[in-house]
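Analysis of the macromolecular model
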2 protein chains.
Amino acid sequence: MGAIRRIVYAQSGGMTAVINASAAGVIAEAQRRGLTLFAARYGMHGLLAGDLIAVPPLSAEQLQRLSYTPGGIFGTARRDLPDPEIDATPYDLLFQVLAHYDIDALLYNGGNGSIATVAQIDREAKRRGIPLTVIGIPKTIDNDLEGTHFSPGYPSAARYLITSFLEASLDLASFPAKGARAFVMETMGRNAGWLAAAVKAASAVLADEGPHLIVLPEMRWDKTALLAAADAAIARTGYCTVVVAEGATLDGEPLAYQGAEKRRYVQLGGAGSVIGGWLRDALGAKVHVAVPDYLQRAAAHWVSAVDHRVAWQVGETAVAWADEGTRSGVMVGVVRDPATSGWRMEAVDAATVGNRERRFPASWIAAPFQVDSAFLDYLLPLLEGCPQIPCGAHGLPDFFPFATLTERSDAP
Amino acid sequence: MGAIRRIVYAQSGGMTAVINASAAGVIAEAQRRGLTLFAARYGMHGLLAGDLIAVPPLSAEQLQRLSYTPGGIFGTARRDLPDPEIDATPYDLLFQVLAHYDIDALLYNGGNGSIATVAQIDREAKRRGIPLTVIGIPKTIDNDLEGTHFSPGYPSAARYLITSFLEASLDLASFPAKGARAFVMETMGRNAGWLAAAVKAASAVLADEGPHLIVLPEMRWDKTALLAAADAAIARTGYCTVVVAEGATLDGEPLAYQGAEKRRYVQLGGAGSVIGGWLRDALGAKVHVAVPDYLQRAAAHWVSAVDHRVAWQVGETAVAWADEGTRSGVMVGVVRDPATSGWRMEAVDAATVGNRERRFPASWIAAPFQVDSAFLDYLLPLLEGCPQIPCGAHGLPDFFPFATLTERSDAP
């Protein structure tokens, strides 16, 4: 204890609905330990440009409010660092900034790339003999981080997608069997199908309303089989529901290429529209396609209670470890304690987990177009509990109005 | 009181998140008055086929659970009746079914077309000298019904869209100003822009996070002006947020035609992708497009407290009026009581309001691409209050498992 006095916290990569719960955990724990806390504006941009702000004291009520606010309260960035042997410039800049602010510890909140950055900075600081503690805080809706039971952000996006899909399925089920109908929902997930697979849990609420077809990037399949499965679902129930990951591929090609006229449209996703078009053309179904896009990763109004609590906890833990001064170059990994069904934190070597990608396990893929219900034994504990989401004026959310959100800097 | 003994209730048209709150109101009030209640399976299909079910007694807890379940619990249909002078067959069928079940009153829960059907059935019953009470219960997410302060279903879809848009906007605001970004959300609304306009209320939560551009079917505009407005937003804030109704038109043509290669894709909407494509091509913005589709009308997990209460109340009122036996051929209209900020119900002539369409008022359109904040004086009271949404096992919704949802009939 007491090894450090001044910490900087930075947010990195794409957002989650609970990244600010991690920020709240960092702030709460730093306040509790009497540490001086800075935040980098727009993540790595702020770290390199010296754009750091002193985090003001926040009340318990303000911290709660912040923890239920989506987006990145201090701003985020997508920016990896080069190999220092090829280009040391950003490291020179970074260490100058940290020295200028007299920072002892850097807490970096991000996904695969960001955890790799944690390892890079830690190694380069050690090489230069700079006494800096660097700790990674995990975060990604994709759940593709190694070294942690789940990635904070994933359970909330999953809870949102499961609920939304279930609701839309009940809407669809309201119509008579005659006149085939189909509903397709496209989830995020470029390479890993965790989010699309999560929708399987709809069947845990109403047995008949799980997705008829699940299409993951990890699956190999063909169009004929998909149409046959959809046709069978329509014959059985009068309708067909499909969840497809944006990164689903067919014969090794992203699905969106198959139907888009122009390759530049691929950025939008489009896997859902492609499958929707097939169902309409081949089966004559009346098709609806939902693309929640950002909505699924920003849905603070429907976070998972476990996710919210653990996201807070990984933030707290990073500060505690930094203050203890015994670890660096590590990520806060989440471990499930089967005995208590609770969660504890464990240090994981950032160099080992950074830039790796945990894809949806083959053992949970139940062919064709289904995931095994054993996956639910993993998923459902991540969703437990009923969070009391704060509700503000006019029945609308009561979000934390942080300056970064209103006064945008033109960061480098 | 006591004029009738046996009632049938039917759901019609597209679903809302609170139509089953109206069903719960009907059931609760019928139970309270000791009336025998039937429900038609799949709306008009069941009424014409004699597919009626006796509604079992439900506990207060079951009614609450039902009221927070999306979809149409008894099944719905889209089916209008012809002019009886041209084709009397369906009326013959309908009156036979009602006579067979000895029904005194028909409660019909739907939108514009369904309220027109209420007027048609009432008129034809009177012409034939059949003593039948026919009452319409309003419902549509589009808010385009005349004769009611708002349409049950609209406030909940609006609350969902406002919240979702706000959350996505905060996500977008997290990124540095450099590198233009855009977010486009496409709402439902073929002819009326009430849903897209509602998103304006995001600015009531965080002043800077209202949509930069709002595009309604009721607006006249051109592409150059839209791109200039988007460019100005990006210059000011680094990003641009757009909400567009699926029915937005340009030079009198649906927007989706402008960009789709094939007309058969129009059914999917696509207005959002068209505008997204423009922003990417003309401004070089990195664009995300969200299409919530069914999610917005089925989002029982985020209903408006006012909407839920009033939806229940219009159901109760229809039963009360039927039991009193003094009205027929009317719709339950919702009236706002400015003195109490509460809501009372008023009978509205179904023949007068049926098949009419209340579009978004021109007086609330603030050119260009904005709606007047005076609209919020109308909208915000529809969202007041913080409903305690039931939460079931695994933190997921606790929906009512009604037989219709699992045992689908192949109704005519």
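The shown structure was predicted, so the numbers you read here are calculated from the model rather than taken from an experiment.

1. A look at the domain arrangement of chain A
All names here are of chain A. We note that the domain assignment places domain 1 (6-153 + 300-359 + 383-406) and domain 2 (155-298) within chain A. At the junction of the two partners, domain 1 supplies 25 residues and domain 2 supplies 18 residues. Both sides together, the interface formed by domain 1 and domain 2 hides about 1900 Å², and carbon and sulfur atoms give 57% of it. Its largest share of buried area at the contact with domain 2, domain 1 owes to Ile141, Trp302 and Arg359, together 37% of the area lost on that side. Summed over the shared surface of domain 1 and domain 2, the number is 0 salt bridges.

2. Here's the deal with the packing of helix H4 (residues 89-100) of chain A against helix H5 (residues 112-128) of chain A
The relative placement of two packed helices is expressed as an angle between their axes plus a distance between the axes. Residues and elements named next belong to chain A. Direction vectors running N to C along H4 and H5 enclose 75°, while the axes themselves pass 11 Å from each other. By the criterion of interaxial angle, the relationship of H4 to H5 is roughly perpendicular. Contact residues: H4 offers Tyr91, Asp92, Leu94 and Phe95, while H5 offers Gln120, Ile121, Glu124, Ala125 and Arg128. Its residues assigned to classes, the contact of H4 with H5 comprises 5 nonpolar, 1 polar and 3 charged.

3. Topic: the pattern of salt bridges
Residue and element names in this part refer to chain A. Counted under the stated rule, the structure contains 30 salt bridges over all chains. Between glutamate 316 and arginine 32 there is a salt bridge, and its shortest N-O distance comes to 3.1 Å. Placement of the pair is glutamate 316 in helix H13 (residues 305-324) and arginine 32 in helix H1 (residues 19-32), with a sequence separation of 284 residues. Each of the salt bridges in this network shares a partner with another, and the network as a whole consists of Glu29, Arg32, Arg33, Glu316 and Asp323.

4. A few points about the state of the cysteines
Taken as a whole and assessed by the stated rule, the structure comprises 2 disulfides over all chains. There is a disulfide in this structure between cysteine 386 of chain A and cysteine 391 of chain B, and the S-S distance comes to 1.9 Å. With the S-S bond torsion at -80°, the cross-link from cysteine 386 of chain A to cysteine 391 of chain B turns out left-handed. With cysteine 386 of chain A in the loop between helix H15 (374-379) and helix H16 (403-406) and cysteine 391 of chain B in the loop between helix H15 (374-379) and helix H16 (403-406), the pair connects residues from two separate chains. The partly exposed category is assigned to cysteine 391 of chain B, whose relative accessible area is 26%.

5. Thoughts on the interface of chain B and chain A
The interface of chain B with chain A comprises 87 residues on the first partner and 87 residues on the second. Where chain B abuts chain A, roughly 7500 Å² becomes buried across the two surfaces, and 60% of that area is made up of carbon and sulfur atoms. Counting every contact that joins chain B to chain A gives 2 salt bridges. For aspartate 171 of chain A, the salt bridge goes to arginine 297 of chain B, with nearest N and O atoms at 2.7 Å. Of all elements in the fold, only helix H6 (154-173), strand E6 (181-187), helix H11 (271-283), strand E11 (286-290), helix H12 (294-298) and H16 of chain B reach the threshold of two or more residues within the side of chain B that touches chain A. Considering every element that reaches the side of chain B that touches chain A, the biggest residue donor is H6 of chain B, with 12 residues.

6. Here's the deal with the packing of aromatic side chains
Geometrically, a pair of aromatic rings is defined through the distance of the ring centres and the angle of the planes. On inspection of all chains with the given rule, the structure shows 34 aromatic pairs over all chains. Ring geometry for phenylalanine 183 of chain A against tyrosine 294 of chain B: centres 5.7 Å apart, planes inclined by 25°, an arrangement best described as stacked. Of this pair, phenylalanine 183 of chain A sits in strand E6 (residues 181-187) while tyrosine 294 of chain B sits in helix H12, on two different chains. On the basis of relative accessible area, phenylalanine 183 of chain A is assigned to the buried category, the value being 0%. Under the relative-accessibility criterion, tyrosine 294 of chain B is labelled buried at 2%. Considering the side-chain rings of tryptophan 364 of chain A and tyrosine 378 of chain A, the 5.6 Å spacing of their centres and the 40° angle between planes classify their relative orientation as tilted. In this pair, tryptophan 364 of chain A sits in the loop between helix H14 (350-353) and strand E14 (365-366) while tyrosine 378 of chain A sits in helix H15, placing the two residues 14 residues apart along the sequence.

7. Looking at the UniProt feature "binding site: substrate" (unreviewed entry) in chain A
Residue and element names in this part refer to chain A. When the UniProt feature table is mapped to this numbering, "binding site: substrate" (unreviewed entry) covers Thr140, Ile141, Asp142, Met188, Gly189, Arg190, Glu246, Tyr294, Leu295, Gln296 and Arg297. Here glycine 189 is to be found in the loop between E6 and helix H7 (194-198). A relative accessible area of 1% places glycine 189 in the buried class. Contact partners of glycine 189, with chain neighbours within four places excluded, come to Asp142, Pro217, Ala245, Glu246 and Gly247. Note on placement: glutamine 296 falls in helix H12 (residues 294-298). Dropping the residues within four chain positions of it, glutamine 296 is found in contact with Ala157, Tyr160, Leu161, Glu186, Thr187, Met188 and Leu195. From its side chain, glutamine 296 meets the backbone nitrogen of methionine 188 in a polar contact 2.9 Å long.

8. Observations regarding the sheet that holds strand E8 (residues 239-245) of chain A
Residue and element names in this part refer to chain A. In spatial order, the strands read E7-E8-E6-E11; together these 4 strands make up an open sheet with parallel pairing. Two strands in the sheet have a free side with no partner beyond their single neighbour: strand E7 (213-215) and strand E11 (286-290). Each strand of the sheet is rotated relative to its neighbour by a mean of 15°, with strand direction disregarded. Running over the sheet, helix H6 (residues 154-173) touches E6 and E8 and is turned about 160° from E8. Where helix H11 (residues 271-283) meets the sheet, its contacts fall on E6, E7, E8 and E11, and the angle it forms with E6 comes to roughly 165°.

9. As for the packing of helix H1 (residues 19-33) of chain B against helix H3 (residues 60-67) of chain B
Residues and elements named next belong to chain B. One can describe the packing of H1 onto H3 by two numbers: an axis separation of 7 Å at closest approach and a directional angle of 155°. Looking at the two axes, H1 sits roughly antiparallel to H3. The segment H1 lies against H3, with Asn20, Ala21, Ala24, Ile27, Ala28 and Gln31 engaging Leu63, Leu66 and Ser67.

10. Some thoughts on the relation of the copies chain B and chain A
It takes a turn of 180° to lay chain B on chain A, together with a shift of 0.0 Å along the axis; the resulting RMSD is 0.0 Å. Expressed as a symmetry operation, the mapping of one chain copy onto the other fits a two-fold axis. Interface overlap between copies: 100% of the residues of chain B at the interface are likewise at the interface in chain A, consistent with a symmetric, same-surface contact.

11. Description of the pairing of strand E4 (residues 105-110) of chain B
Residues and elements named next belong to chain B. Counting buried positions along E4 gives 6 out of 6 residues, so the element sits mostly inside the fold. Of the two faces of E4, the one lined by Ala105, Leu107 and Asn109 and the one lined by Leu106, Tyr108 and Gly110 are each fully buried. Direction of pairing for strand E1 (residues 6-11) relative to E4: parallel, over a ladder of 5 bridges. Bridging from a neighbouring strand, isoleucine 7 pairs with alanine 105 of E4. In terms of strand pairing, E4 meets strand E5 (residues 133-138) through 6 bridges, oriented parallel. Within E5, the position partnered with leucine 106 by the bridge is valine 134. Handedness of the crossover joining E4 and E5 through helix H5 (residues 112-128): right-handed.

Rules used throughout
- Residues numbered from 1 in each chain as written.
- Chains lettered and ligands numbered in written order.
- Predicted model: local features only at pLDDT ≥ 70, side-chain atom pairs only at ≥ 80, totals over all residues.
- Heavy atoms only, no water.
- Domains from an automatic or database assignment.
- Contact = heavy atoms within 4.5 Å.
- Buried area = accessible area lost by both parts, 1.4 Å probe.
- Salt bridge = Lys/Arg side-chain N within 4 Å of Asp/Glu carboxyl O.
- Axes fitted to C-alpha atoms, helices over the stretch in contact; angles between N-to-C directions.
- Helix = DSSP H or I, 4+ residues; strand = E, 2+ residues; numbered from the N terminus.
- Parallel < 35°, antiparallel > 145°, perpendicular 65-115°, else oblique.
- Nonpolar A, V, L, I, M, F, W, Y, C, P; charged D, E, K, R; others polar.
- Disulfide = S-S within 2.5 Å.
- Buried < 20%, exposed > 50% of the residue type's maximum accessible area, 1.4 Å probe, protein only.
- Phe/Tyr/Trp six-rings, centres within 6.5 Å; stacked < 30°, edge-to-face > 60°.
- UniProt positions renumbered as here; feature names shortened; annotations may be inferred.
- Polar contact = N/O pair within 3.5 Å; in protein donor to acceptor, adjacent residues only side chain to side chain.
- Pairing = 2+ DSSP bridges.
- Least-squares fit on C-alpha atoms with pLDDT ≥ 70 in both.
- Right-handed = clockwise from strand over helix to strand, strands pointing away.

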